[in-house]
Amino acid sequence: MYEVDFVEFPSTSSAASGRFFERAFGWATTPYGPEYADVRAAGITFGFQANAAEQARAPLVTIRTDDLVAAREAVEEAGGVVTVEPFGFPGGRRFHFREPGGSELAVWRPEE
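Notes on the structure in this doc start here. Since the structure is predicted, the reported quantities are computational estimates derived from the model, not experimental observations.

**Thoughts on the pairing of strand 6 (residues 81-89)**
- As judged from the 6 bridges shared by strand 6 and strand 7 (residues 92-98), these two strands associate in the antiparallel manner. When the bridges of strand 7 are listed, Gly 88 appears paired with Arg 93.
- Joining the antiparallel neighbours strand 6 and strand 7 is a turn of 2 residues, in which Gly 91 adopts a positive phi near 110°.

**Describing helix 1 (residues 14-25)**
- For helix 1, spanning 12 residues, the distance from its first C-alpha to its last is 16 Å, which sits close to the expected 16 Å at 1.5 Å a residue.
- Within helix 1, the full set of buried residues consists of Ser 14, Ser 17, Gly 18 and Phe 21. With its buried residues spanning 100° around the axis, helix 1 presents them on a single face.
- The positive-phi residue at the C-terminal boundary of helix 1 is Gly 26, with phi of around 80°.

So, how was this worked out
- Note that residues are indexed from 1 along each chain, following the sequence as it is written.
- Side-chain atom pairs in this predicted model are given and counted only at pLDDT of 80 or more, local residue features only at pLDDT of at least 70, and totals for whole chains, interfaces and linings cover all residues.
- Derived side-chain values reflect all non-hydrogen atoms in the structure, with water molecules and hydrogen atoms excluded from consideration.
- Note: two strands are recorded as paired if DSSP finds a minimum of 2 bridges between them.
- Under the DSSP-based scheme used, a helix requires at least four consecutive residues in state H or I and a strand at least two consecutive residues in state E, with every element numbered from the N terminus.
- To estimate how far a helix should extend, the number of its residues minus one is multiplied by 1.5 Å.
- Only protein chains enter the area calculation, which uses a 1.4 Å probe; residues under 20% of their type maximum are buried, those over 50% are exposed, and those in between are partly exposed.
- Throughout, the arc means the angular range of directions from the helix axis out to the C-beta atoms.

This is the structure in C-alpha cells:
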C-alpha cells in the first residue's frame, strides 16, 4: 500500500501556520511542541515544520506505507537516494529520499 496522505511545509512559525488554517478554513490543528503542528484538511494532512535544521527546502510530500523496509528497498531499486535515514516521530517512523529528477519526498509508516 502506498498513498499520499501528508504534505509538510517549511514555516517560520508552526503555531501561526496552524492558526491560519483553523481560522480560514476551520481545519483542526494538533501541535507537537513549539516547532511542529499538523493541520487536518479534507482528505490530507498538512504539517508545518518550524525547526530550521529539519526543514525541507520545499513542501515535502509524504507517502504512507505499511512496510517501511520494503518501501526503502523499492525506492533505492528504482534509482532514488535516501537523504534522511529512518527516524521515529510522534505517530510513526519515516525516511526521506530524492527521486532522480531532484525532488525530495518521504515515506512513513504509522506506529504499530
